[in-house]
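Residue-level listing of the chains:
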Amino acid sequence: MKGKLITFEGCEGCGKSTQVRLLQEYLQTTNQQFLMTREPGGTKISEKIRSIILDKDNKEMVDECEALLYASSRCQLLKERVLPALDRGEIVIIDRYYDSSFAYQAYARGLGYDFVAAANNFAINNAQPDITIFFDIDPYHAFLRKGGADSTDRLELAGMEFHNKVYNGYRALMEKFPQRIIAIDASMSVDAIHNDVISLLKSKGFIQ
Ligand code: TYD
């Protein structure tokens with residue numbers, strides 16, 4: 001892999017999407033080659049898988065099915081778009097990657113680390129992120145800022161206890177992978193967070 005793989009992670013309402021957009025604008029105005037995408041989604045097939053996963057009518061979906069669908073969507077995105085871009089030497093930014101599966105499916109759903117690791121080993125074939133930025137704000141404060149959950153999104157409706165487990169899952173991952181996962185205080189202003197993102201990625205030599 002000649003390029004750099006950067007992933008963004010965090011709980012619902014952590015401000016990740018805003019920061020993705022600001023980073024995109026920064027890379028465009030500074031003329032840097034990049035691919036920006038999101039999970040689940042980013043390809044025609046992965047977007048179809050996304051709509052199955054997030055559909056609030058799919059209440060009977062079992063946790064294992066959910067985890068495997070995320071892994072399938074990831075595999076398609078990786079092979080169709082991410083790996084070719086990395087081979088071309090581009091910067092690739094993904095809004096969520098396999099750490100989301102560890103935080104949500106392994107920790108919060110309770111499937112356990114080994115199940116999710118096994119499913120993802122098939123899916124990603126060792127494509128590890130060069131850096132993962134964790135937008136660190138706890139779910140209570142994130143939802144407060146956002147003004148409540150999105151009533152059309154099955155995952156957002158899962159309840160506070162679930163989202164606290166997701167947050168604790170992320171904290172456990174940070175302890176497990178302290179070199180790769182870097183936290184940024186996501187309770188700061190949008191501009192302050194953006195400046196931290198840019199300084200961090202510049203200091204690693206991933207962007208200019
Ligand atoms: P999305 O609307 O994109 O949420 P956000 O803007 O917070 O990223 O929906 C993605 C949802 O899927 C979100 O609730 C997190 C969840 N998810 C998992 O549970 N496991 C995964 O592996 C991924 C990629 C996402």
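Data block above holds the structure.
Scope of this entry: the structure provided in the associated data block.

**Thoughts on helix α6 (residues 139-146)**
Where α6 is concerned, the buried positions are Pro139, Ala142 and Phe143. The buried side chains of α6 occupy one side of the element, clustering within an arc of 95 degrees when seen end-on. Buried residues along α6 sit in contact with α7 (160-176). Where α6 terminates, the next one or two residues include Gly147, which has phi positive at roughly 85 degrees.

**Brief notes about the environment of Ile133**
Relative to the helices and strands, Ile133 is located in strand β4 (residues 131-136). Using a relative accessible area of 0% as the deciding quantity, one classes Ile133 as buried. The spatial distance from the C-alpha of Ile133 to the C-alpha of Phe8 is 5.0 Å, given a sequence separation of 125 residues. Setting aside anything within four residues of it in sequence, one finds Ile133 in contact with Thr7, Phe8, Glu9, Ile182, Ile184, Val197, Leu200 and Leu201.

**Observations concerning the site of the ligand**
Close to the ligand lie 16 residues; Glu12, Lys16, Arg96, Ser101 and Gln105 are nearest. The separation between an oxygen atom of the ligand and a polar side-chain atom of Tyr70 is 2.9 Å. Contact with the protein chains covers 90% of the free accessible surface of the ligand, which is 550 Å². The set of elements that each furnish at least two residues to the shell around the ligand consists of α1 (16-29), α2 (44-54), α3 (63-87) and α4 (98-108). Tallied by class, residues from the shell around the ligand come to five nonpolar, four polar and seven charged.

**So, α2**
Residues of α2 that are buried include every one of Ser46, Ile49, Arg50, Ile53 and Leu54, and no others. Viewed end-on, α2 has its buried residues packed into an arc of 120 degrees, placing them on one side of the element. Relative to its buried face, α2 has exposed residues pointing more than 90 degrees away, namely Lys44 and Lys48. Looking at the packing, one finds that the buried side of α2 touches β2 (34-38) and α3.

Thresholds applied
Residues numbered from 1 in each chain as written. Predicted model: local features only at pLDDT ≥ 70, side-chain atom pairs only at ≥ 80, totals over all residues. Heavy atoms only, no water. Buried < 20%, exposed > 50% of the residue type's maximum accessible area, 1.4 Å probe, protein only. Helix = DSSP H or I, 4+ residues; strand = E, 2+ residues; numbered from the N terminus. Arc of directions from axis to C-beta. Contact = heavy atoms within 4.5 Å. Near = heavy atom within 4 Å. Polar contact = N/O pair within 3.5 Å; in protein donor to acceptor, adjacent residues only side chain to side chain. Areas by Shrake-Rupley, 256 points an atom, 1.4 Å probe, with all protein chains shown as cover. Nonpolar A, V, L, I, M, F, W, Y, C, P; charged D, E, K, R; others polar.

Just geometry here; none of it tells us what the structure is for.
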